[in-house]
Amino acid sequence: MSNPAAPAIPPFQPPRRALMGPGPSDVPERILAAMARPTIGHLDPAFTDMMEQVKTLLRYAFQTGNKLTFPVSGPGSVGMETCFVNLVEPGDQVIVCVNGVFGGRMVENVRRCGGVPIVVESAWGRAVDVDQVATAFAATPDAKILAFVHAETSTGAQSDAAALAEVARRHGALTIMDCVTSLAGTPVLVDAWGIDAAYSGSQKCLSCTPGLSPVTFSEAAIDKVRARGTPVQSWFMDLNLVLGYWSGEGKRTYHHTAPINPLYGLHEALVMLAEEGIENAWARHRAMHEALKDGLEKLGLEFIVPAAERLPQLNSVALPADIDDAAARARLLAEFNLEIGAGLGALAGGIWRIGLMGASARPENVDVCLKALAGVMGSRE
Ligand SMILES: *Cc1c(COP(=O)(O)O)cnc(C)c1O
C-alpha cells in the first residue's frame, strides 16, 4: 500500500441557511464571534472564572439554586446519559414515560444501566398521561425514579412537568427531566417543580452551536449518587469525578479538556438570554408560534398536537397526501435556503416539524418559512 497523497481540498464554506428544524437553530453572529476568541488553557484562572459565570447563568436558565449546575462536554444525548448512569443503579425500578422518540431513548438508557424500566406509554403527539403515571406508581411502590421528556421534539407535545414531579414526590421517587427543547423556549422551573435531575442542549432554544449539554442536580440527586453501592459504570460521566473539575472551588483538578471555545459560545448565548430576560424569551417563542400557526393554517396545514399541549418552539403539521416529503424539503433547502425537520420514528414521512427555537424565533424566519412553504405547495393552491 502506498501512502495517500495530500488531498487538494479547499477550506469548507457552509451555505447560509434559515434553520427551522428540530435543532440546531440559527446561531447569532455574536455567539459565533465569541467562539472565535483566543483559546486559553482550561485550568487558566481566566477560564475558570468564566466557568463560574456559565454556572451562574445556567442556574438562571434552569430557574434553580442547585449548586451542581454545569454544561456537560457533549451533546444533549451525553447530558441524558450523565443523568441515567449516575442515578440508576442495577436493579432500580424506573418509571419511564414514553410519548415519542426521546422517551424511548430513556428506556434504553435505564436498561443499559441495569435498571428495570416500567414503561408508561402515551399516544405520540399527546402530553404524557399523568393519571397513568400515578397508576404505575401504585403498582410499583418501590420505583426509585420517574423519567420523562418535558418537550417531546419528535412530536411537538409538551407535558405537565409540575404535575408529573408532584406524583413522583408523593411516592418518594426522584425525577429525571429531559428539557433539551424546552429550556429557554417555554418555562422550565426546576426548583418550583421539584425536579431532581434535568438535562438540556446548547443548540435548541439557547441558539448556540451543538455539543454542550447543560445539566442540573438537586441535593437529593447528589445524595443518591454518593450512596451508590456500585461505581458509576462510565468513567467520563461519573459525577463524583466531574465534580472535582466543575466545582473544585479554587483548586480544580484535571478531568478532561473542556471544549474551551464552544463554552465561550454558550457563555455568550446565556448572557444574551439574561439580557433579554427569560420571561421575554418565553413570550417571544409564543408570539412567533402564533404568527406561524396562522400562516400554516392558511396554507391548509393541520397541527398534529391538540392546542393545549403544543410546544411553541416545535410545530408539527401533517403532511398533505399529495406532497412528496423528501422532494419538498430538498426544494426548501435548495431554493429557499430553509431547513425544516422531517418526521421521526413512527411519524417518519407523515409530518413536518417546524422549529422556532432561540434566534430562529423571529418574524423574518416566520416570513421566510411561510413564503417558502407557499412556494413548494403552490401548485396545489
Ligand atoms: C435534540 C434532543 C435530544 C438530543 O440532543 P443531541 O444534542 O442531539 O444529543 C434529546 N432529547 C430531546 C427532547 C431533544 O430534542
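Remember, predicted model here, so these are calculated numbers, not experimental data. (Residues numbered from 1 in each chain as written. Predicted model: local features only at pLDDT ≥ 70, side-chain atom pairs only at ≥ 80, totals over all residues. Heavy atoms only, no water.)

Concerning the overall build of the chain
Summing up its helical and strand segments, the chain has 13 helices and 13 strands in all. Its C-alpha atoms give the chain a radius of gyration of 21 Å, within 12% of the compact-globule value 21 Å for 381 residues. Seen through its principal axes, the chain has C-alpha atoms that stretch 65 × 55 × 55 Å. Considering only contacts within the chain whose residues lie at least 6 apart along the sequence, 72% involve residues at least 24 apart. For the chain, the computed accessible surface area is about 15800 Å², with 56% contributed by carbon and sulfur atoms. Taking the 31 positively charged and 40 negatively charged side chains of the chain as two groups, their mean positions are separated by 2 Å. (Helix = DSSP H or I, 4+ residues; strand = E, 2+ residues; numbered from the N terminus. Rg over C-alpha atoms; globule rule 2.2 N^0.38 Å. Contact = heavy atoms within 4.5 Å. Areas by Shrake-Rupley, 256 points an atom, 1.4 Å probe, with all protein chains shown as cover. Lys, Arg positive; Asp, Glu negative; His and termini not counted. Charge placed at Lys NZ, Arg CZ, Asp CG, Glu CD.)

Some points on the sheet that holds strand E8 (residues 174-178)
If you walk across this open sheet you meet the seven strands as E2-E10-E9-E8-E5-E3-E4, and the pairing is mixed. Each having just a single partner strand, strand E2 (68-73) and strand E4 (116-121) make up the two edges of the open sheet. Pairs of neighbouring strands in the sheet enclose a mean axial angle of 20°, with direction left out of account. The pairing of strand E9 (residues 197-199) with strand E10 (residues 212-217) spans three bridges and is classified as antiparallel. Looking at E10, one finds that alanine 197 is bridged to phenylalanine 217. (Pairing = 2+ DSSP bridges. Axes fitted to C-alpha atoms, helices over the stretch in contact; angles between N-to-C directions.)

As for the packing of helix H5 (residues 130-139) against helix H6 (residues 161-170)
Axis separation between H5 and H6 bottoms out at 10 Å; the angle between their running directions is 15°. By the angle between their axes, H5 is roughly parallel relative to H6. As H5 runs across H6, the sense of the crossing is right-handed. Contacts between H5 and H6 involve Val130, Val133, Ala134 and Phe137 on the former and, on the latter, Ala163, Leu164, Val167 and Ala168. Split into classes, the residues belonging to the contact of H5 with H6 amount to eight nonpolar, no polar and no charged. (Parallel < 35°, antiparallel > 145°, perpendicular 65-115°, else oblique. Left-handed = near helix turned anticlockwise from the far one by under 90°. Nonpolar A, V, L, I, M, F, W, Y, C, P; charged D, E, K, R; others polar.)

Some details on the nonpolar core
Of all hydrophobic cores here, the largest spans 91 residues; its most connected members are Phe84, Met177 and Phe217. The greatest single-element share of this core, amounting to eight residues, is contributed by helix H2 (residues 45-62). When we break this core down by domain, the ones giving at least three residues each are domain 1 (18-24 + 278-378) and domain 2 (29-274). Core analysis: the second largest hydrophobic core is formed by 26 residues, Ile323, Val366, Cys369 and Ala372 among them. (Core = buried A, V, L, I, M, F, W, Y, C linked by side-chain atoms within 4.5 Å. Buried < 20%, exposed > 50% of the residue type's maximum accessible area, 1.4 Å probe, protein only. Domains from an automatic or database assignment.)

Details of the site of the ligand
Taken together, the neighbourhood of the ligand is formed by Pro75, Gly76, Ser77, Phe102, Val149, Ala151, Thr153, Asp178, Val180, Thr181, Gln203 and Lys204. Here a nitrogen atom of the ligand and a side-chain polar atom of aspartate 178 are 2.7 Å apart. The fraction of the free accessible surface of the ligand (380 Å²) that becomes covered by protein chains is 88%. (Near = heavy atom within 4 Å. Polar contact = N/O pair within 3.5 Å; in protein donor to acceptor, adjacent residues only side chain to side chain.)

What to know about the packing of helix H12 (residues 325-336) against helix H13 (residues 363-377)
Look at H12 against H13: their axes get within 10 Å of each other, and the N-to-C directions meet at 125°. Put simply, H12 runs oblique to H13. For H12 against H13, the interelement crossing comes out right-handed. Counted together, Ala328, Arg331, Leu332 and Phe336 of H12 and Lys371, Ala372, Leu373, Gly375 and Val376 of H13 form the full contact between these two elements. In terms of residue class, the contact of H12 with H13 is built from six nonpolar, one polar and two charged.

Looking at the sheet that holds strand E11 (residues 314-318)
Taken in spatial order, the four strands line up as E1-E12-E13-E11 in an open sheet, and their pairing is mixed. With partners counted over all chains shown, the strands left at the sheet margins are strand E1 (18-20) and E11, one partner each. This sheet shows a mean twist of 30° between the axes of neighbouring strands, independent of strand direction. With two bridges joining them, strand E12 (residues 338-342) and strand E13 (residues 351-355) adopt antiparallel strand pairing. If you follow glycine 341 over to E13, its bridge partner there is arginine 353. This element, H12, spans E12 and E13 of the sheet and lies at about 160° to E12. Sheet strands in contact with H13 are E1, E12 and E13, and its direction is about 85° off that of E1.

Here we look at the side chain of arginine 310
Residue placement: arginine 310 occurs in the loop between helix H11 (278-298) and E11. We note that arginine 310 is buried and unpaired, the nearest opposite charge coming from glutamate 297 at a distance of 4.6 Å. A polar side-chain atom of arginine 310 sits 2.8 Å from the main-chain carbonyl oxygen of valine 305. With residues near it in sequence (within four places) discarded, arginine 310 still touches Gly156, Arg286, His289, Lys293, Phe303 and Val305. (Salt bridge = Lys/Arg side-chain N within 4 Å of Asp/Glu carboxyl O.)

Here's the deal with helix H10 (residues 260-276)
The first and last C-alpha atoms of H10 sit 25 Å apart over 17 residues, in line with the 24 Å expected at 1.5 Å per residue. Those residues of H10 that sit buried are Ile260, Asn261, Leu263, Tyr264, Gly265, Leu266, His267, Glu268, Ala269, Leu270 and Leu273. Looking at the buried residues of H10, the elements they touch are helix H1 (29-35), H2, E2, E10, helix H9 (239-246) and H11. (Expected span 1.5 Å × (residues − 1).)

Quick notes on helix H3 (residues 76-87)
Under the 1.5 Å per step criterion, the end-to-end length of H3 is 17 Å for 12 residues, consistent within 8% with the ideal 16 Å. Counting buried positions along H3 yields nine of 12 residues, so the element is predominantly enclosed.

Considering the domain arrangement of the chain
According to the domain assignment, the chain contains domain 1 (18-24 + 278-378) and domain 2 (29-274). Taking the mean C-alpha position of each, domain 1 and domain 2 sit 27 Å from one another. Listed per partner, the contact involves 28 residues of domain 1 and 31 residues of domain 2. Of all residues in domain 1, Ile278, Trp282 and Glu309 bury the most surface against domain 2, accounting for 30% of the area lost on that side. The closest approach of N and O atoms between arginine 126 and glutamate 309, which form a salt bridge, is 2.7 Å. (Buried area = accessible area lost by both parts, 1.4 Å probe.)

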